[in-house]
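# Structural overview for review
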Amino acid sequence: VNYEDALRALEERQESRVELGLERVRAHLERLGRPDRRPAIHVAGTNGKGSVCAILESVYRASGLKTGFYSSPHLLDPRERIAIDGKPVSREAFARAMARALEADPDKSLTYFELITAVAFVAFAEAGCELLILETGLGGRLDATNVIEKPLACAVSSIDFDHMAQLGVTLEAIAGEKGAIFKSGAPAFAPALPLEAYHALERCAKDAKTTLTTVEPRRGSLRNDWDNGRQLIGGGPEGSFWLSLMGERQPRNVDLCRAIVNALEPQLRVPTEAWKKGLESVRWPGRFDIRRIGERKLLLDGAHNPEAARALAASWAKSPFSGDKARWIIGMLADKDVLGVLAELAPVLSQVVAVPAPSPRALAVDELAKLVRAAAPQATVTTAASLDEALEGWR
């Protein structure tokens, strides 16, 4: 199997096909010799879980550990989901791991997500990773990453409404699905949450025979360096430090990471210098991600539910760009809470171009434009057949 073969084999599984459950992937990993049995930190959550994982990976790598970071979805290349020591797995290693995973799945029973999860575990084992940072894909209880048996720690980064068809229509139900990653012997962490969500997590911790710690907000943003895409964080015992992630929610994510790091000391030692270095060097594209193209600025954000859109709008309103003429290029999936997202973004929208999201689940641009006009009547709304077309005249 070469890299191109590996990609084709993965694409054949159709990423949009979702079949939650652990039986298939658990049996598959047994045939592979259980490569998932490595020290790991497991993180679920509606939003923020990717940022939390990225911070933890960067900090532990700066402390000298060989890390494996599994995330989803990818932006450009599936190898982004499988990072070893902060870099996407090589094409050669991806192909080798895929060959092993395919051999152990002769009847092609695994879904896209299950297959690439298995590929990640094989690649991490082959590379000799000392610590895995695992982000759940959808929910937690039946997510393929939940096959791990003895994580070092677990966390839930936030609870809000998303994937309700699979996870339930109440915060209590959603929290119960995500808190099901908690395991005996692994301390669990979550930020302050609505009571119905937190009580559900408490029940999950009790069922798992572990402790749940509420992480109260402690650190805050002292200053934003908008030109370089970083913010100065302060409020903790380690003093102030630069975090190379923007957005007003990030200090809360840092608080959660610090609680996990403290709980795992001295098993996983993180000197203050490594903590600061890891935060200053962390990268997590597509989350209030400011880029430059010539004299222009481009902001990329994957907000896809009301909570994420609320955070995006708040961060935008506080930025120096909010007073500028901005073109919002928006594409959405039809199965998302489109009305909820647009309601949060509406106050900051002035010029909008509706585009098709690159997915078979994309909402038609004419329908999206109609919904934007209803949510933000003050905005000028047009449509484009593609992102390139929407950017014409801008670059």
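In this report, we go over the structure that sits alongside the text. Predicted model only: the values in this text are computed from it and were never measured. (Residues numbered from 1 in each chain as written. Predicted model: local features only at pLDDT ≥ 70, side-chain atom pairs only at ≥ 80, totals over all residues. Heavy atoms only, no water.)

## A word on the overall build of the chain
Helices and strands together make up the secondary structure of the chain, namely 14 helices and 16 strands. The globule rule puts the C-alpha radius of gyration for 395 residues at 21 Å, and the 21 Å found for the chain is close to it. For the chain, the C-alpha atoms occupy an extent of roughly 55 × 50 × 40 Å along the three principal directions. Within the span of the chain, comprising 395 residues, buried residues form 54% of the whole. Look at the contacts in the chain between residues 6 or more apart in sequence, and 70% of them connect residues 24 or more apart. Accessible surface, the chain as shown: approximately 17,400 Å² in total, 50% of it carbon and sulfur. (Helix = DSSP H or I, 4+ residues; strand = E, 2+ residues; numbered from the N terminus. Rg over C-alpha atoms; globule rule 2.2 N^0.38 Å. Buried < 20%, exposed > 50% of the residue type's maximum accessible area, 1.4 Å probe, protein only. Contact = heavy atoms within 4.5 Å. Areas by Shrake-Rupley, 256 points an atom, 1.4 Å probe, with all protein chains shown as cover.)

## Let's talk about the sheet that holds strand β14 (residues 327-330)
Two strands in a sheet stick together by hydrogen bonds in their backbones, pointing the same way (parallel) or opposite ways (antiparallel). Spatially, the three strands line up as an open sheet ordered β14-β15-β16, and their pairing is parallel. This sheet does not close on itself; its edge strands, each paired only once, are β14 and β16 (380-383). Neighbour-to-neighbour, the strand axes of this sheet turn through a mean angle of 25°, independent of strand direction. Contacting β14, β15 (351-354) and β16, helix α13 (residues 365-375) crosses the sheet at an angle of about 175° to β16. (Pairing = 2+ DSSP bridges. Axes fitted to C-alpha atoms, helices over the stretch in contact; angles between N-to-C directions.)

## Description of the pairing of β14
Covered by surrounding structure in β14 are Trp328 and Ile330 only, the residues Arg327 and Ile329 on the alternate face being uncovered. Of the strand pairs in this sheet, β14 and β15 are connected by four bridges, and their pairing is parallel. Opposite tryptophan 328, over in β15, you have valine 352 as the bridge partner.

## Describing the environment of alanine 376
On the secondary structure map, alanine 376 appears in the loop between α13 and β16. With relative accessibility at 0%, the residue alanine 376 sits in the buried group. Between the C-alpha atom of alanine 376 and that of leucine 131, which follows or precedes it by 245 residues, the distance is 46 Å.

## Description of the pattern of salt bridges
Taken as a whole and judged by the stated rule, the model has 28 salt bridges. Between glutamate 30 and arginine 34 there is a salt bridge whose closest N-O contact spans 3.1 Å. The closest approach of N and O atoms between lysine 318 and glutamate 248, which form a salt bridge, is 2.9 Å. Highlighted residues: lysine 318 in helix α11 (residues 306-318) and glutamate 248 in the loop between β11 (241-243) and α9 (250-264), separated in sequence by 70 residues. Residue classification places lysine 318 among the exposed positions, given a relative accessible area of 59%. Among the residues examined, glutamate 248 registers a relative accessible area of 37% and is labelled partly exposed. If you follow the salt bridges from partner to partner, you end up with Glu30, Arg34, Asp36, Arg37 and Glu149 in one network. (Salt bridge = Lys/Arg side-chain N within 4 Å of Asp/Glu carboxyl O.)

## Thoughts on the packing of aromatic side chains
Counted under the stated rule, the structure contains eight aromatic pairs. With a centroid separation of 5.8 Å and 70° between ring planes, the pair formed by tyrosine 3 and phenylalanine 94 is classed as edge-to-face. Taken together, the residues tyrosine 3 in helix α1 (residues 3-11) and phenylalanine 94 in helix α4 (residues 91-103) connect sequence positions 91 residues apart. You'll find tyrosine 3 and phenylalanine 94 in the same group, each marked buried. In this structure an aromatic cluster arises from ring pairing among Trp226, Phe288, Trp316, Phe321 and Trp328. A cation over a ring is seen here: arginine 230 above tryptophan 242, with NZ or CZ 3.8 Å from the ring centre. Above the plane of the ring of tryptophan 275 lies arginine 258, whose end atom (NZ or CZ) is 4.5 Å from the centre. (Phe/Tyr/Trp six-rings, centres within 6.5 Å; stacked < 30°, edge-to-face > 60°. Lys NZ or Arg CZ within 6 Å of the ring centre and 35° of its normal.)

## Here we look at the side chain of arginine 249
Position of arginine 249 among the secondary structure elements: in the loop between β11 and α9. In this structure arginine 249 touches Asn47, Ser157, Ser158, Glu307 and Ala311, once residues within four positions along its chain are discounted.

## Describing α4
For α4, built from 13 residues, the straight-helix expectation of 18 Å at 1.5 Å per residue is met to within 8% by its first-to-last C-alpha distance of 18 Å. For α4, the full list of buried residues reads Ala93, Phe94, Ala95, Ala97, Met98 and Ala101. Those residues of α4 that are buried are in contact with α1, α2 (23-31), β3 (82-84) and α5 (112-127). (Expected span 1.5 Å × (residues − 1).)

## Quick look at α2
Here α2 has its buried residues at Val25, His28 and Leu29. What you see down the axis of α2 is that its buried residues fit within an arc of 95°, all on one side. On its buried side, α2 packs onto α4 and α5. Among the residues trailing α2, glycine 33 stands out with phi positive, at a value near 90°. (Arc of directions from axis to C-beta.)

## Observations regarding the pairing of strand β1 (residues 40-44)
With respect to burial, β1 is a largely interior element, five of its five residues being buried. Sheet analysis places β1 next to strand β5 (residues 131-135), joined by four bridges and oriented parallel. Bridge pairing links isoleucine 41 to isoleucine 133 in β5. Two elements, β1 and strand β6 (residues 153-156), share four bridges in a ladder whose sense is parallel. Looking at the pairing, histidine 42 lines up with cysteine 154 of β6.

## What about the side chain of aspartate 289?
Turning to its location among the elements, aspartate 289 is positioned in strand β12 (residues 289-293). Of note is the side chain of aspartate 289, whose polar atom sits 3.1 Å from the backbone nitrogen of glycine 286. In contact with aspartate 289, other than residues within four places in its own chain, are Leu298, Leu299 and Leu300. (Polar contact = N/O pair within 3.5 Å; in protein donor to acceptor, adjacent residues only side chain to side chain.)

Purely geometric stuff here, so don't read any function into it on its own.
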